[in-house]
Amino acid sequence: MARSHRAWRWQRGSLTGLGLLAVAACVPLSEGLDQPSRRATTMLQFINPQPVALASAMTSPLLFDTVSDFAEGVALVRLKSRLGYIDRDGKLNIRIADSNVTVAADYAEGLAVAQVGAYFGYLDRRGEWAIPVQFRQAKSFSEGLAAVQGGTKYGYINPQGEWVIEPQFDLAERFVGGRALVKLGETYGYIDTDGRPAIPPTLKDAWSFSESLAVARVDQLYGYIDLKGTLVIAPSYDGAFSFSEGLARVRQGRNFGFVDASGAMVIEPTLSFASDFSGGLAAVLIESQWGYIDRMGEVAIAPRFSYAADFSEGLAAVQQDGRYGYINPAGDWVVDPQYSNAGSFSEGRARVQVDNSWGFIDTEGNLLTGAGFQDVEFP
């Protein structure tokens, strides 16, 4: 093994300075009081497509029943019972060898979570089992480790499938900046990559780190802690969200605003809803229409959309008159609204729904063509 097994004994204590197409395993850890806001946050991000019917494969354009975003050069696609990964040119790059696989995730650090029956394992870049199916839950690799459920508890394995941190947690999240959020009983804390307690589990609710800060709840209010567990932004918000581009959404009452890393209120909480900043802009809801504000809180793109997603790779999916297209940061149409649904750009490609099928476009709006599963022999 690359590392020895770690099974650390947790001591309940106070915090430093305070005194903390995805698969079914990938769900949020916390179940705090701010759940309505969390669900609303998820709505702003593109909702993963659900399976729909498709009669046959097409080469121009290349369409599937369901697709995922591109990650590490490939995207998961499904056509009827066929499941595999295509490259950016539309060629079937990875064929999943085990026909019993029903669900698979994006590749992360060269491995992809996949499900057979009620259990999970990991596929290599050839589509074969790198780590056999054996876990009740499994999450993607991050910083060389993956959280998996062995028996009733979570621990962490390495890419060889060996236990590096023995199962001992009730829930566990991915590593970010050398810290992973874990749950013991009813409280949350953080461990380092050796499994040692980095921040004791004393919090009733907490999130993974982002930009070296993490949301933490004290009593009924939310604030932020640093990597040492020091409370650096006092718990004074009814809801709080991860930092993005130096700013974080916070909620006071029903309204949203933004704070910087010092805790200073940069944009006053007057917005009925807002997304995180991405590409220097944040989607906001103003009088039942979506638009975008800049980092000063000024309207950058006038609210005129019935839906607006985050910017990604210079473009954002928006909905107008029931159809989705893409705009640039100036608010100009780059891809006219013509799709039933649309996702964010990743590695130069974006998911789009054409009638009841899914394909990909490039940043100029050209639909991806290719062979896909055509002429591929299946048992």
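The shown structure was predicted, so the numbers you read here are calculated from the model rather than taken from an experiment. (Residues numbered from 1 in each chain as written. Predicted model: local features only at pLDDT ≥ 70, side-chain atom pairs only at ≥ 80, totals over all residues. Heavy atoms only, no water.)

## Digging into the overall build of the protein chain
Logical step 1: Helix and strand counts for the protein chain come out as 1 helix and 36 strands.
Logical step 2: Sorting the 379 residues of the protein chain into buried and exposed places 49% on the buried side.
Logical step 3: For the protein chain, the exposed surface amounts to about 16,200 Å²; the carbon and sulfur share of it is 49%. (Helix = DSSP H or I, 4+ residues; strand = E, 2+ residues; numbered from the N terminus. Buried < 20%, exposed > 50% of the residue type's maximum accessible area, 1.4 Å probe, protein only. Areas by Shrake-Rupley, 256 points an atom, 1.4 Å probe, with all protein chains shown as cover.)

## Observations regarding the pairing of strand S6 (residues 92-95)
Remark: a regular strand shows side chains that alternate across the two faces of the sheet.
Logical step 1: Bridge count for strand S5 (residues 82-87) against S6 is 3 bridges, and the pairing is antiparallel. Looking at the pairing, Tyr 85 lines up with Ile 94 of S6.
Logical step 2: In this antiparallel pair of consecutive strands, S5 and S6, the connection spans 4 residues, and Gly 90 shows a positive phi of 90°. (Pairing = 2+ DSSP bridges.)

## Some words on the environment of Ala 180
Logical step 1: By the secondary structure assignment, Ala 180 is in strand S16 (residues 179-184).
Logical step 2: With 11 residues separating them in the primary sequence, Ala 180 and Ile 191 have C-alpha atoms 5.4 Å apart.
Logical step 3: Discounting chain neighbours no more than four positions away, the residues touching Ala 180 are Tyr 156, Glu 173, Arg 174, Phe 175, Gly 189, Tyr 190 and Ile 191. (Contact = heavy atoms within 4.5 Å.)

## Comments concerning the pattern of salt bridges
Logical step 1: All chains considered together, the criterion is met by 9 salt bridges.
Logical step 2: A salt bridge links Asp 69 to Arg 351; the shortest N-O distance between them is 2.7 Å. Here Asp 69 is found in the loop between strand S3 (66-67) and strand S4 (74-79), whereas its partner Arg 351 is found in strand S35 (residues 349-354), with 282 residues between them in sequence.
Logical step 3: Residues joined by salt bridges that share partners form a network here, namely Asp 124, Arg 126 and Glu 128. (Salt bridge = Lys/Arg side-chain N within 4 Å of Asp/Glu carboxyl O.)

## Here we look at the sheet that holds strand S30 (residues 307-308)
Backbone-to-backbone hydrogen bonds join strands into a sheet, with any given pair of strands oriented parallel or antiparallel.
Logical step 1: With antiparallel pairing, 4 strands are arranged side by side in an open sheet as S30-S31-S32-S33. Here the strands that pair on one side only, and so sit at the sheet edges, are S30 and strand S33 (333-339).
Logical step 2: As judged from the 5 bridges shared by strand S31 (residues 316-320) and strand S32 (residues 323-327), these two strands associate in the antiparallel manner. Bridge assignment links Gln 319 to a residue of S32, and that residue is Tyr 324.

## Some details on the packing of aromatic side chains
Logical step 1: Going through the model one piece at a time under the given rule, you end up with 17 aromatic pairs.
Logical step 2: Centre to centre, the rings of Phe 64 and Phe 373 are 6.0 Å apart; their planes meet at 85°, and the pair counts as edge-to-face. Of this pair, Phe 64 sits in the loop between strand S2 (62-63) and S3 while Phe 373 sits in the segment after strand S36 (357-361), and the two are 309 residues apart along the sequence. Each member of the pair, Phe 64 together with Phe 373, is buried.
Logical step 3: Arranged with centres 6.0 Å apart and planes meeting at 40°, the rings of Phe 241 and Phe 256 form a pair that is tilted. On the criterion of sequence distance, the pair formed by Phe 241 in strand S22 (residues 239-244) and Phe 256 in strand S24 (residues 255-260) is long-range, its members being 15 residues apart. Accessibility assignment for this pair places Phe 241 and Phe 256 in one class, buried.
Logical step 4: In this structure an aromatic cluster arises from ring pairing among Trp 207, Phe 241, Phe 256, Phe 273 and Trp 290.
Logical step 5: One residue, Arg 125, lies across the ring of Tyr 107, its end atom 5.0 Å from the ring centre. (Phe/Tyr/Trp six-rings, centres within 6.5 Å; stacked < 30°, edge-to-face > 60°. Lys NZ or Arg CZ within 6 Å of the ring centre and 35° of its normal.)

## Details of the side chain of Ser 210
Logical step 1: Topologically, Ser 210 is positioned in the loop between strand S18 (197-203) and strand S19 (214-218).
Logical step 2: A distance of 2.6 Å separates the side chain of Ser 210 from the backbone oxygen of Phe 243, its partner in a polar contact.
Logical step 3: Those residues in contact with Ser 210 that sit more than four places away from it in its chain are Ser 242 and Phe 243. (Polar contact = N/O pair within 3.5 Å; in protein donor to acceptor, adjacent residues only side chain to side chain.)

## Things to note about the environment of Ser 242
Logical step 1: Inspection of the secondary structure assignment puts Ser 242 in strand S22.
Logical step 2: Of the residues examined, Ser 242 reaches a relative accessible area of 21% and is grouped as partly exposed.
Logical step 3: Expressed as a C-alpha distance, the spacing of Ser 242 and Asp 276, which sit 34 residues apart in the sequence, is 8.1 Å.

## Re the sheet that holds S35
Logical step 1: In spatial order, the strands read S34-S35-S36; together these 3 strands make up an open sheet with antiparallel pairing. Two strands close off the open sheet at either side, each with one partner strand: strand S34 (341-346) and S36. Each adjacent strand pair in this sheet contributes to an overall mean axis angle of 20°, direction not counted.
Logical step 2: For S35 and S36, the ladder comprises 5 bridges, and the chain directions are antiparallel. The residue of S36 that forms the bridge with Val 352 is Gly 359. (Axes fitted to C-alpha atoms, helices over the stretch in contact; angles between N-to-C directions.)

## Topic: unusual backbone geometry
Logical step 1: Positive phi values are uncommon outside glycine, yet Ser 212 reaches one of about 70°.
Logical step 2: For Ser 212, the position within the fold is in the loop between S18 and S19.
Logical step 3: Residue classification places Ser 212 among the partly exposed residues on the basis of a relative accessible area of 44%.

## Quick notes on the confidence of the model for the protein chain
Detailed reading of the predicted model is not advised wherever pLDDT is low.
Logical step 1: Here the protein chain averages 87 in pLDDT, and 83% of its residues register 70 or above.
Logical step 2: Within the model, pLDDT remains below 50 along residues 1-7, and this stretch shows 21 contacts once partners closer than five positions in the same chain are excluded.
Logical step 3: Here residues 11-59 is modelled with pLDDT under 50, and outside its nearest four sequence neighbours on either side it reaches 139 contacts, counting other chains as well. (pLDDT = per-residue confidence, 0-100.)

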